[in-house]
Amino acid sequence: MAEETENDNNLVPANDRIIPINIEDQMKSAYIDYSMSVIVSRALPDARDGMKPVHRRVLYGMLDLGVTSGKPYKKSARIVGDVLGKYHPHGDSSVYDTMVRMAQDWSLRYPLVDGQGNYGSIDGDPPAAMRYTEARLKKIAEEMLSDINKDTVDFQNNFDDSLQEPTVLPTRIPNLLVNGASGIAVGMATNMAPHNLSEVIDGTIAFIDNRDIEVPELMQHIKGPDFPTGALIYGYAGVQDACNTGRGRIVMRAKAEIETTKSGKEQIIVTEIPYQVNKANMIERTADLVNEKKLEGISAIRDESDRTGMRVVYDIKRDANANVVLNNLFKYTALQTSFSVNNIALVKGRPVLMNLKDMIREFVEHRHDVIVRRTRYELAEAEKRAHILEGYLIALDHLDEVIKLIRNSDTPEDARVGLMEQFGLSDLQARAILDMTLRRLTGLERDKIKEEYAELMKTIDYLKSILADEELRMKIIKDELIEIKEKYGDERRSQIVHSAEDMRMEDFIDDEEIVITISHNSYVKRTPLSEYKRQGRGGRGSIGTNTREEDFTEHIITASAHNYMLLFTEAGRCFWLRAFEIPEGSRTSRGRALQNIINVPKEEKIKAFILVKNLKDQEYLENNFIIMCTKKGTIKKTSLEAYSRPRANGINAININEGDQLIEACLTTGSSEIVMALRSGRAIRFNESTVRPMGRTATGVRGITLSSERDEVIGMISVNDSETTVLVVSEKGYGKRTDIEDYRVTNRGGKGVKTINVTDKTGELVAIKGVTDAEDLMIINKSGIVIRIAVEELRVMGRATQGVRLINLKDNDEIASITKVDREEELDEESGDENSTEADNEGLTSGENIDSNEE
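Everything quoted here is computed from the prediction, not taken from an experiment.

**Here we look at the pattern of salt bridges**
Stage number 1. All told, the structure shown has 48 salt bridges when counted by the stated rule.
Stage number 2. Glu-24 is the salt-bridge partner of Lys-28, the closest N and O atoms lying 3.7 Å from each other. Note that Lys-28 and Glu-24 are positioned in helix 1 (residues 23-43) at a spacing of four residues, about one turn of the helix.
Stage number 3. Overall, Glu-24 belongs to the partly exposed group, its relative accessible area being 48%.

**Some thoughts on the packing of aromatic side chains**
Stage number 1. Applying the stated criterion across every chain yields a total of seven aromatic pairs.
Stage number 2. Here the aromatic rings of Tyr-31 and Tyr-34 are separated by 6.0 Å at their centres, their planes lie at 50°, and the arrangement is tilted. Here Tyr-31 pairs with Tyr-34, and both are found in helix 1, just three residues apart, close to one helical turn.
Stage number 3. Summarising the aromatic geometry, the rings of Phe-227 and Phe-339 are spaced 5.6 Å apart at their centres and angled 55° between planes, so their arrangement reads as tilted.

**A few points about the sheet that holds strand 25 (residues 573-578)**
Stage number 1. Taken in spatial order, the four strands line up as 27-24-25-30 in an open sheet, and their pairing is antiparallel. The open sheet is flanked by strand 27 (606-612) and strand 30 (651-652), the only strands paired with a single partner.
Stage number 2. Bridging between strand 24 (residues 564-569) and strand 27 involves six bridges; their strand directions are antiparallel. Across the sheet, Phe-568 pairs through a bridge with Ala-608, a residue of strand 27.

**Comments concerning the nonpolar core**
The nonpolar side chains of a soluble globular protein tend to be buried with one another.
Stage number 1. Counting residues in hydrophobic clusters, the biggest one holds 103 residues, and the most contacted among them are Leu-59, Met-62, Met-99, Leu-112 and Leu-197.
Stage number 2. Of the residues forming this core, the biggest block, 15 residues, is contributed by helix 12 (residues 356-397).
Stage number 3. With near-sequence residues (within four places) excluded, Leu-59 lies in contact with Met-51, Met-102, Leu-112, Val-113, Leu-137, Ala-141, Leu-145 and Leu-169.
Stage number 4. The next biggest cluster of nonpolar side chains, apart from the first, holds 23 residues, and it includes Val-270, Val-290, Ala-322 and Phe-330.

**Regarding the packing of helix 12 against helix 15 (residues 427-435)**
Stage number 1. It is at 9 Å that the axes of helix 12 and helix 15 come closest, and there the two elements cross at 60°. As the angle between them shows, helix 12 and helix 15 are arranged oblique. Remark: the crossing between helix 12 and helix 15 carries right-handed chirality. Contact residues: Lys-384, His-387, Ile-388, Glu-390, Gly-391, Tyr-392 and Ala-395 in helix 12; Leu-428, Gln-429, Ala-432 and Ile-433 in helix 15.

Calculation criteria
Residues numbered from 1 in each chain as written. Predicted model: local features only at pLDDT ≥ 70, side-chain atom pairs only at ≥ 80, totals over all residues. Heavy atoms only, no water. Salt bridge = Lys/Arg side-chain N within 4 Å of Asp/Glu carboxyl O. Helix = DSSP H or I, 4+ residues; strand = E, 2+ residues; numbered from the N terminus. Buried < 20%, exposed > 50% of the residue type's maximum accessible area, 1.4 Å probe, protein only. Phe/Tyr/Trp six-rings, centres within 6.5 Å; stacked < 30°, edge-to-face > 60°. Pairing = 2+ DSSP bridges. Core = buried A, V, L, I, M, F, W, Y, C linked by side-chain atoms within 4.5 Å. Contact = heavy atoms within 4.5 Å. Axes fitted to C-alpha atoms, helices over the stretch in contact; angles between N-to-C directions. Parallel < 35°, antiparallel > 145°, perpendicular 65-115°, else oblique. Left-handed = near helix turned anticlockwise from the far one by under 90°.

Read these as spatial facts, not as claims about activity.
What follows is the structure, given as structure tokens:
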């Protein structure tokens, strides 16, 4: 039995070959070693040649095997076996998949392998097995390997130390930029976009000419990525981010055109799709969305692609708008996708995030290093040859003595020593003279040796001048790049189109006052405020919109065209919209479905809105709040800053309990007074300070207690000054103004006091607004009639009265919505246009107070 000793309170065998190790330390060490191996030797490209080890080994292995562009193709299995056996001790699929990708013209902007056979397709079809396919190097790949045998790069031992492999290729092509790269390491990843060779070379030359050049100047040459599959780059902001910082999101769109067939039907024809999109999967997913009714207006999808090019056809239904369908395709399918640039590559063995200038600098420095090493190698070879030629010339000058010495020597060794001693030759020269053939002694051959020596001395002088002059070396780099551009340069495939985000649209749009109308069924439009003319109180109004029978206008918002609109749905979600992004329509037009402008779910309706001038001013964001209230009387306050980062799919603005819904939201300064009103005609007033600010997803606190189960909150206002009066309107067209002071301040959560005397004649309360004499009212009823009246025409009266008639309603019509607008300096008081009638004051009440017990 083995003897045991105690060590660190643990019993371990007393065996010199067993070393106790802390498992935590061992795991840390092993994982760091593994992660570094993945980062350096597998997943990240070298910044100099843009290659990962497996790519470099495949190209070098093919060169080693002799399958260059001018030679016959060799079986892929032969190439893979050679690379596996010599340089890459991993699975054969890793080598074959790499070689296949380097041969696919939809994967690489400039393919490096010339493949013969089935190398897969853009539809995701797999390539044939390696025993069936053949390959050889492309001409452009040989430019990456050129001069590799002139000591231009460092070599290292292969996995079993039996051979040497290059640590980097002496590439003449800025491959990292030209073909891009992608890889997932441990704790980091890289995703680099391909670029156009001609543009990259122009940018590189500009950098060589001016080392202090800035990225924006480089981008005058290198416009942006150039993807193998073409398509459109939609928007320039992501390209600028990627070039300036090394990170950016580039939006790609398919190249699509709308055509009309002979029969009059519209078709969307797609001829180019975004990079790395699988065409077959894209079409299948689109068909699923059509079948699920998530995409409407498409009757059929056909893939008509053939060897001449790509062509995907979407047949549009006769009643559908092809532009709307195309926008929905961009929105819901891979016809629009994004490429997230993350330029991480290895610089001196360390992963570094690089911008455009950094990547060009690394290539130029590498190329400079290659030129220096190549020149030194060529100089050494030239001097070696010149040394031998000098020996030849000495021998030719003393030909008779040399021949006599050789004839009198017993052995070659004696002859060699004799030559060295008699003529002062080196060992190398003496051996070369002894190896000369007799024909070299002819007069013609002697002249050739003298000419070769003269040329060689010129070459040596030139090579020395290269090593002594950096400007000359840079000129050589530029000349070689220009040669590459002439050989392989081509036109851009990806067209760059500017998106709305690239330009400040407000610079092109007048900041006029507009009216935004949102219908019950979520149709929206904007109209210049001047189209609505003020009328007298009690008028019949003018037609505000032609809506469907089951639809009516629910919100009328007055805004400035440059305002941001924060739209809140009944489910408590918030969406953003610039006022000028809303399609313009006439006063009587129906407008456009809100779902076609922003991503509001069809089942959710817009219930509240806030106008904000600016979402960039941090002080403004932090000192303003959004207060929301729900139908069941809950109220919540959140800083505006929480809603300052627009997202395409909206955000949760408030947590809504089951059976409840959001009905109102308003912007406050934090010191306002809040008035909430109920359908039953009651209202409560309390200080905003009694509601503490909460997070964006909180539910809120009790604002008012409902008097019955059928009662509900119909609105909320925030009041900041004493001039504001409270306007309430009932569903039968009655309304009145009351001083805010008539509502006593109570605690939040009470039952409130009477705000209007609700009778069968007035109907229940439908709206509450804070108004001043300097404003007008716009009232719209469910039949679409709009009337605009001056607030000053409504006298201030007691809290418990039933008010006066604001609008004459026909039959069973009811008020749908009211909003207030700022008074224009010059108001057009005419009401004789074809859509309006003279004021009809029949049935107006005098507005006297009606006795009522105040609660």
